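The lines below spell out each chain.
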Amino acid sequence: EADIYQTPRYLVIGTGKKITLECSQTMGHDKMYWYQQDPGMELHLIHYSYGVNSTEKGDLSSESTVSRIRTEHFPLTLESARPSHTSQYLCASRRPGGEAFFGQGTRLTVV
Amino acid sequence: QKEVEQDPGPLSVPEGAIVSLNCTYSNSAFQYFMWYRQYSRKGPELLMYTYSSGNKEDGRFTAQVDKSSKYISLFIRDSQPSDSATYLCAMIDQGGSEKLVFGKGTKLTVNP
């Protein structure tokens, strides 16, 4: 069973607000990933991390930022939310040479 | 051309059928291969993980990897209506980035 958690599960927020989506894992995995997925569409990698103090941008340009101060946490922040940010955000983690596990996702709606 | 190609379907089969799902890839640096099942509005759930060329079986699921052809497959035996979901192939780029790269997903419906 994967021990990776995302909070909140659902978030409805007004335009211009700052939001932080939390992702935590208790497996000690070095590598973590954030994906964005619209309903019925493919996953797009927006950020990933090799370990503490390491972050990289993914294939899909995103206005969000991430940080990796602790191994177990990989939060994603939007400084000023817009309706175009409405989507599902999925976090995953894996150990070197190992399989990746996903959280249940955060469904974000910006109104 | 995308690094991972997966037929998006949709694929519709009767209950009890054998389902074959496939992905091809172009990057020889891809070394670890996974199959996920994703129900609507949920996170992907890991089904199978393989590294070597060959077959790996787990219950009704068999994952097959052919690195020489850059081709992976997932077979589902005795398919059930509860198998109706989107199936995603994924692989890890061991060429330096360690990105986790996904196919677009195949939407499967198993009809009772």
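Residues numbered from 1 in each chain as written. Chains lettered and ligands numbered in written order. Predicted model: local features only at pLDDT ≥ 70, side-chain atom pairs only at ≥ 80, totals over all residues. Heavy atoms only, no water.

Visitor: Go over the sheet that holds strand β7 (residues 65-66) of chain A with me, naming the residues and quoting the values.
Guide: Strand pairing in a sheet takes place through backbone hydrogen bonds and is either antiparallel or parallel in direction. Overall, antiparallel pairing links the four strands, which are arranged β1-β3-β8-β7 (chain A) in an open sheet. Strand pairing shows two members of the sheet lacking a second neighbour, β1 (4-7) and β7 of chain A, which therefore form its edges. (Pairing = 2+ DSSP bridges. Helix = DSSP H or I, 4+ residues; strand = E, 2+ residues; numbered from the N terminus.)

Visitor: Just give me the short version of the pattern of salt bridges, but keep the residues and values in it.
Guide: All names here are of chain B. Tallied over the entire structure, the rule returns 10 salt bridges over all chains. Note that R60 and D83 form a salt bridge whose closest N and O atoms lie 2.8 Å from each other. With R60 in the loop between β6 (54-58) and β7 (61-66) and D83 in the loop between β8 (71-76) and β9 (85-93), this pair connects stretches of sequence that are 23 residues apart. Here D83 falls in the buried class, since its relative accessible area comes to 1%. One network of salt bridges, with partners in common, ties together R37, E45, R60 and D83. (Salt bridge = Lys/Arg side-chain N within 4 Å of Asp/Glu carboxyl O. Buried < 20%, exposed > 50% of the residue type's maximum accessible area, 1.4 Å probe, protein only.)

Visitor: Can you tell me about unusual backbone geometry, naming the residues and giving the values?
Guide: Going from A:T7 to A:P8, the amide bond is cis rather than trans, its omega being -10°. With respect to the helices, strands and loops of the structure, A:P8 is situated in the loop between β1 and β2 (10-13). Cis geometry is found at the peptide bond from B:G9 to B:P10, where omega equals 10°. Of note, B:P10 is situated in the loop between β1 (4-6) and β2 (11-14). Phi at B:R41 takes a positive value of approximately 65°, unusual for a residue other than glycine. Along the chain, the position of B:R41 falls in the loop between β4 (30-38) and β5 (45-50).

Visitor: Give me the interface of chain A and chain B: which residues, what numbers.
Guide: Facing 23 residues of chain A, the contacting portion of chain B comprises 21 residues. Overall, the association of chain A and chain B removes approximately 1900 Å² of surface from exposure, summing both partners, and the carbon and sulfur fraction of that is 52%. Where chain A touches chain B, the interface holds seven residue pairs in polar contact (both at pLDDT 80 or more). Among the secondary structure elements, those contributing two or more residues to the side of chain A that touches chain B are β4 (31-37), β5 (44-51), β9 (87-94) and β10 (100-102) of chain A. It is β4(A) that provides the largest number of residues to the side of chain A that touches chain B, a total of four residues. (Contact = heavy atoms within 4.5 Å. Buried area = accessible area lost by both parts, 1.4 Å probe. Polar contact = N/O pair within 3.5 Å; in protein donor to acceptor, adjacent residues only side chain to side chain.)

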